Every structure is written in C-alpha cells, then in structure tokens.
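# Notes for the structure review
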Amino acid sequence: MSEFLNRRKLITGGLASVAGIAGLAAAERIADRYGLIPPDSGGVWGVGETLTYAAQRVLMSHHSMAREFSRSEVSKGIPVSGLPPKTDPYQRLLANNFKDWRLTVDGLVARPATFSLDQIKRMPTSTQITHQACEEGWSFIAEWHGVALSYVLNFVGVSERAKYVVFAPYDGMWDSLDLLDAYHPQTLLAYNLNGKGLSADHGAPLRARVARQLGYKSVKFLSRVTLVDSLKNIGTGRGSINPDLGYSWYAGI
Ligand SMILES: Nc1nc2c(c(=O)[nH]1)N[C@H]1C(S)=C(S)[C@@H](COP(=O)(O)O)O[C@H]1N2
Ligand SMILES: [Mo]
C-alpha cells in the first residue's frame, strides 16, 4: 500500500470516529467532497501538513467564524506585504483607475464571466472588521468591504466536479482555497479597506479576504478566479506559490 493510501486511511478513519458518522464509506465521501488531503501533502513534511489540515477541517465546523471587532479596535497603521507590480498590465490599469480592469471567473463553472469593478460593486455587499496576521509576525485589525465570494460562485454556477478556487493575481503570488473556505461567509472579494477604495499597496482594485487563514491567503491585485478539480497541474502542483517559499498551503489560524 502506498504512503498516500495509508495517510488517506488515517484521515478517513479519524473522520469516521470524530464526526461519529456511519463508517468509513461516509467518511471517504466527506474527505473527497472537502478535499481533506491538502495539495502540498507530498514529501517529508507532508504527513504533518495533512494531519493539521484534516484535524482543523474536522474540528472546525462549516460555520465556525473568525472573531469580528468593533470600529474602535481598528489598527492605526496598516503594514504592507507585497508591493504592487511595477510593470504592465498592472501599471496601465492603475493609471486608468482600473476602468479597463476585469475580473475573469472561469474553469469548472456553468457560466464563465468577466466583471468590471462597477459590476462587482453592484453585487450584495458584505463588511467585516477582522484581524489579519502575516506569517512574518505582524498583524492588524481592519474593516474590509466587498462581496462574499460565495455570491460570485453562485452567480457563475460552480460545477459538482470543482474542488478548489484558484486566485490569480497580477504579481504571480497565486494561491487557492478549498470550497469550504471559498463558500465561508467571511471569505470576501474586497474592494474597500477602512471605508476607502483599496490602495494599490493593499491590493487594488480587488483582493481576496480570507478571515480564517494567514495573510498570504488573502491574495491582492486579483485578475482571475478559476474553479478546478485538481491543483496538480498548476505551478509546482502544491496549490499555491507559498509552499515553494516554505509556507504551507493551508494556513488556518
Ligand atoms: N498578490 C499578492 N497578494 C498578497 C501578497 C503578495 O505579495 N501578492 N502578500 C500577502 C501577504 S504575505 C500578506 S501578509 C498580505 C498583506 O496584506 P497587506 O499588504 O494589505 O497588509 O497580503 C497577501 N497577499
Ligand atoms: Mo504575510
């Protein structure tokens, strides 16, 4: 039996006992549905990543929410990690106030679409005051405003086969989420920060905001959102550029 099969057995076995559901077959279905085997599970550290991910996935229910704060708790200064691309096409779009910018939503969806910023702003809005922590050790509380990613996903109609949402930005710092986090009510496509349109530094014109994971999952300068059933053929196949840089794909906090 391969290492993968052993690990899979461990996860589905754990699911069956923790969730108290009827047997391995049901657990297998859940593991499959929510992709409990993370894409960066290969290699020496893979087993650890897999267990952390699976444990959090099982212990945190679908509805577990990141803490929200009051306006008086909003941080004074907001650090920046990852400056905007200095090159075209980003600079060209920025110079024109993002009038020509479009978000493409494609992949395993019924109705692939492109949206202007105005179209996105006309969608139902969602606001949160949450804490964003960077893996480098700093953090801040800020108010984010945008549209729930779930709204956009429902708008385009996600295929039964889809398992991940891939965020492609203009600077190559791509990342992805499983559908559990993608549909989470605190996962936004944000265009305002502390009541103002996003500055280029903070990811204009649109960024992901993923309240339950470390800052690097909140991808800035978005260009495209793609639904896929596997991450194997993207980049080095580990679901994000971050595992290549030494950080895990799943960054739950
Ligand atoms: N496209 C893109 N998104 C990104 C980054 C980046 O370099 N490029 N940096 C990430 C990291 S490491 C963090 S901590 C947050 C920081 O968000 P901020 O610069 O708005 O504080 O953005 C994340 N999103
Ligand atoms: Mo970060």
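Residues numbered from 1 in each chain as written. Chains lettered and ligands numbered in written order. Predicted model: local features only at pLDDT ≥ 70, side-chain atom pairs only at ≥ 80, totals over all residues. Heavy atoms only, no water.

## Comments concerning the nonpolar core
This is how it is decided: We call a set of buried Ala, Val, Leu, Ile, Met, Phe, Trp, Tyr and Cys residues a nonpolar core when their side-chain atoms join them within 4.5 Å. Summary of the burial criterion: residues with accessible area below 20% of their type's maximum are buried, those above 50% are exposed, and those between are partly exposed, where the area comes from a 1.4 Å probe applied to protein chains only. Numbering of helices and strands starts at the N terminus; helices are DSSP runs of H or I of at least 4 residues and strands are runs of E of at least 2. Residues are treated as being in contact if the distance between any of their heavy atoms lies within 4.5 Å.
Ranked by internal contacts, the top residues of the largest apolar core, which has 43 residues, are Leu103, Ile120, Val165, Phe167 and Leu189. In terms of residues, this core owes the most to one element, strand β7 (residues 187–193), which gives five residues. If we skip the residues at most four places from it in the chain, leucine 103 touches Ala113, Thr114, Phe115, Ile120, Leu189, Leu206, Leu222, Ser223, Arg224 and Val225.

## Some remarks on the environment of glutamine 213
Note the cut-off: Pairing of N or O atoms within 3.5 Å defines a polar contact, subject to two protein rules: one partner must be a possible hydrogen donor and the other a possible acceptor, and residues neighboring in sequence count only if both atoms are side-chain atoms.
Looking at the secondary structure, you find glutamine 213 in the loop between β9 (207–210) and β10 (222–228). Classification of glutamine 213 as buried rests on a relative accessible area of 3%. As for glutamine 213 and glycine 252, which are separated by 39 residues in sequence, their C-alpha atoms are 4.2 Å apart. Not counting residues within four places of it along the chain, the set of residues in contact with glutamine 213 comprises Leu177, Asp181, Trp249, Tyr250, Ala251, Gly252 and Ile253. At a separation of 2.8 Å, a polar atom in the side chain of glutamine 213 contacts the main-chain amide nitrogen of alanine 251.

## A short note on the packing of aromatic side chains
Note the cut-off: Two aromatic rings, drawn from Phe, Tyr or Trp (for Trp, its six-membered ring), form a pair once their centres lie within 6.5 Å of each other, and the interplanar angle then sorts them: stacked below 30 degrees, edge-to-face above 60, tilted otherwise.
On inspection of all chains with the given rule, the structure shows nine aromatic pairs. Residues phenylalanine 140 and tryptophan 144 carry aromatic rings whose centres are separated by 6.4 Å and whose planes lie at 45° to one another, so their mutual orientation is tilted. We classify phenylalanine 140 as buried; its relative accessible area is 2%.

## Describing the site of ligand 1
Stated formally: Any residue with a heavy atom positioned within 4 Å of a molecule or strand is treated as near that molecule or strand. A 1.4 Å probe and the Shrake-Rupley method give the accessible areas. Residues count as covered only by the protein chains that appear here. Residue polarity follows a fixed list, in which Ala, Val, Leu, Ile, Met, Phe, Trp, Tyr, Cys and Pro are nonpolar, Asp, Glu, Lys and Arg are charged, and the others, Gly among them, are polar.
Within the structure, ligand 1 sits among 21 residues, and Pro79, Asp171, His202, Arg207 and Lys220 are positioned closest to it. One of the backbone N or O atoms of proline 79 is found 2.8 Å from an oxygen atom in ligand 1. Here a nitrogen atom of ligand 1 sits 2.6 Å away from a polar atom, N or O, in the side chain of aspartate 171. Taken by itself ligand 1 offers 530 Å² of open surface, and the protein chains cover 96% of this. Considering only residue class, the shell around ligand 1 consists of ten nonpolar, six polar and five charged.

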